Amino acid sequence: MATIAELRGREVLDSRGWPTVEVDLRCHDGALGRAIVPSGASTGAAEAHELRDGDAKRHDGRGVLRAVAHVDGEIAAALRGMDVADQAAIDGRLIELDGTPNKSRLGANAVLGSSLAAAHAAAASQSIPLWRHLHRLVERSFAGVAPVPNPALPMPMTNAISGGLHAGGNLDFQDVLVMPVGATSLAEALEWIARTYRRLGELLSAAGFEGRLVGDEGGFGPRLDGNEQAIEFVVRAIEAAGLSPGDDVTIALDVAATHFFDGHRYNIRRGGQRESLASGDMIDFIDRIAKRFPIASIEDPLAEEDWPAWTGLTAKLGEKLQIVGDDLIATNPKRLQRAIDERAANAALIKLNQIGTLSETLDAIRLARSAGFRCVVSARSGETEDTTIADLAVATAADQIKIGSIVRGERLAKYNRLLRIAEELN
Ligand code: 2PG
Ligand code: MG
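Residues numbered from 1 in each chain as written. Chains lettered and ligands numbered in written order. Predicted model: local features only at pLDDT ≥ 70, side-chain atom pairs only at ≥ 80, totals over all residues. Heavy atoms only, no water.

Caption draft 1: Looking closely at the coordination of the magnesium ion (ligand 2). Asp-254 (OD), Glu-299 (OE) and Asp-326 (OD) make up the full set of protein donors to the magnesium ion (ligand 2), lying at 2.0 to 2.2 Å. In the primary structure, the donors to the magnesium ion (ligand 2) are separated according to the pattern D-x44-E-x26-D. Residue Glu-299 is found in strand E9 (residues 295–299), and its partner Asp-326 is found in the loop between strand E10 (322–325) and helix H9 (333–341); the two are separated by 27 residues along the sequence. (Donors = N, O, S within 2.8 Å, 3.2 Å for Na, K, Ca; no water. Helix = DSSP H or I, 4+ residues; strand = E, 2+ residues; numbered from the N terminus.)

Caption draft 2: Region of interest: the packing of aromatic side chains. The tally for this structure, following the rule as stated, stands at 5 aromatic pairs. Centre to centre, the rings of Phe-173 and Phe-285 are 6.2 Å apart; their planes meet at 50°, and the pair counts as tilted. With Phe-173 in the loop between strand E4 (155–162) and strand E5 (175–179) and Phe-285 in helix H7 (residues 279–292), this pair connects stretches of sequence that are 112 residues apart. Exposure remark for Phe-173: the relative accessible area of 3% places this residue in the buried category. (Phe/Tyr/Trp six-rings, centres within 6.5 Å; stacked < 30°, edge-to-face > 60°. Buried < 20%, exposed > 50% of the residue type's maximum accessible area, 1.4 Å probe, protein only.)

Caption draft 3: Up close: the sheet that holds strand E1 (residues 4–13). On the basis of which strands lie adjacent, the open sheet formed by 3 strands has the order E1-E2-E3 and antiparallel pairing. Each edge of the sheet is formed by a strand with only one pairing partner; in this case those strands are E1 and strand E3 (32–36). Averaged over all pairs of adjacent strands, the angle between their axes in this sheet comes to 15°, without regard to strand direction. In this sheet, strand E2 (residues 19–27) lies alongside E1 in antiparallel orientation, the contact comprising 9 bridges. The residue of E2 that forms the bridge with Val-12 is Thr-20. (Pairing = 2+ DSSP bridges. Axes fitted to C-alpha atoms, helices over the stretch in contact; angles between N-to-C directions.)

Caption draft 4: How the structure looks around the layout of surface pockets. Approximately 240 Å³ is the volume found for the largest pocket. The wall of the largest pocket is formed by 15 residues, among which Pro-101, Asn-332, Lys-334, Ile-355 and Glu-360 lie closest to the centre. Among the secondary structure elements, those contributing two or more residues to the lining of the largest pocket are helix H2 (87–98), H9 and helix H10 (352–355). Among the residues making up the lining of the largest pocket, the classes are represented as 6 nonpolar, 4 polar and 5 charged. Estimated volume of the second largest pocket: approximately 170 Å³. Lining the second largest pocket are 13 residues, and of these Gly-40, Thr-43, Glu-47, Ala-48 and Glu-50 sit closest to its centre. Counted by class, the lining of the second largest pocket contains 3 nonpolar, 7 polar and 3 charged residues. (1 Å grid on protein atoms, 1.4 Å probe; cavity = no way out; pocket = protein on both sides within 12 Å on 5 of 7 lines; lining within 4 Å. Points joined across faces, edges and corners; volume = space filled by probe spheres on them. Nonpolar A, V, L, I, M, F, W, Y, C, P; charged D, E, K, R; others polar.)

Here it is, written out as structure tokens:
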């Protein structure tokens, strides 16, 4: 049994140049685990609390030195001597120590960094890849409650065009993504995605739009006239890549609708005009788009508290489409249970930092699976070289992984990690 000797926090920078928390955790046997916490821009109201310093003199108030101090102080003192492989006990201690429902005292960034660093150290101490250790945790967490899946590579759900809060263009929808469902290996899937991405850039440039400027997650960020035009371009790019839209490659959307919902209506641009849609009209709009294009998955088509509309939309489209709750569920087992009870979606987006510990994330995945919900493990728009989510997606046999596009190093770190895991799985 390897026991925890020391934790050390550190302020590092993420892909937008904002500070974030890195944690080094060392065991008495010398094993080291390191994790870096990501950060969202289109965050849901129900997410765990990211602790920022608020000191305007540093990083516009977004420093994380207070969270780092919590790692070095209270968290290190509480975890010292614990069995590093007992993730449930470690996370239980962290939750208890924080004492708030949303981890606002210590900060979800301090808590998650510590939680994940422990998993990395446990894998290092056993000299096994992280995904293997995470799969053991899945076995323990699922035992007797849900069938334990075999480790498996997820389908990439990859950003092609970015809008919303992630790009400077004028699209309301946050992402138009592609899923190479017909590919027979991860390497082939990535080649199809890369080919489609290059053709998309060429098509945008040829039409006079920005075919080289990219958003936070590496998707192109052109100033198009509307959401449907963005989807049209992606369909044409799939064809230009010599692939069949709908058979080889399907489309996914992250509408991120909370961000254009004013509490009553959805304020959206259509055909160059601003329109204000009631929930029922928004459902019809999504329905029309889903009929018009080869779409397989839609995330956050409605706002995070518009629960009855979610139920209506899932009743209408849930048979043929994956309806993913991101802001709606916030990787929170309580909100997920409500989504299951009210049939408000049929898939959950899984983001570690929305809930703040690895064990609670596994709880959410277990709950989703036992209700027949699909799982999409997701990065944040603010990322780093940390690749934990690649291992998590494999260990939990997630249906899809959403990392961003196939450019930008913080995204590639994860795709390339998946390629290495693919070799280990064979
Ligand atoms: C999302 C994520 C990732 P953010 O909405 O799904 O694309 O964005 O990290 O900004 O919440
Ligand atoms: Mg989302």
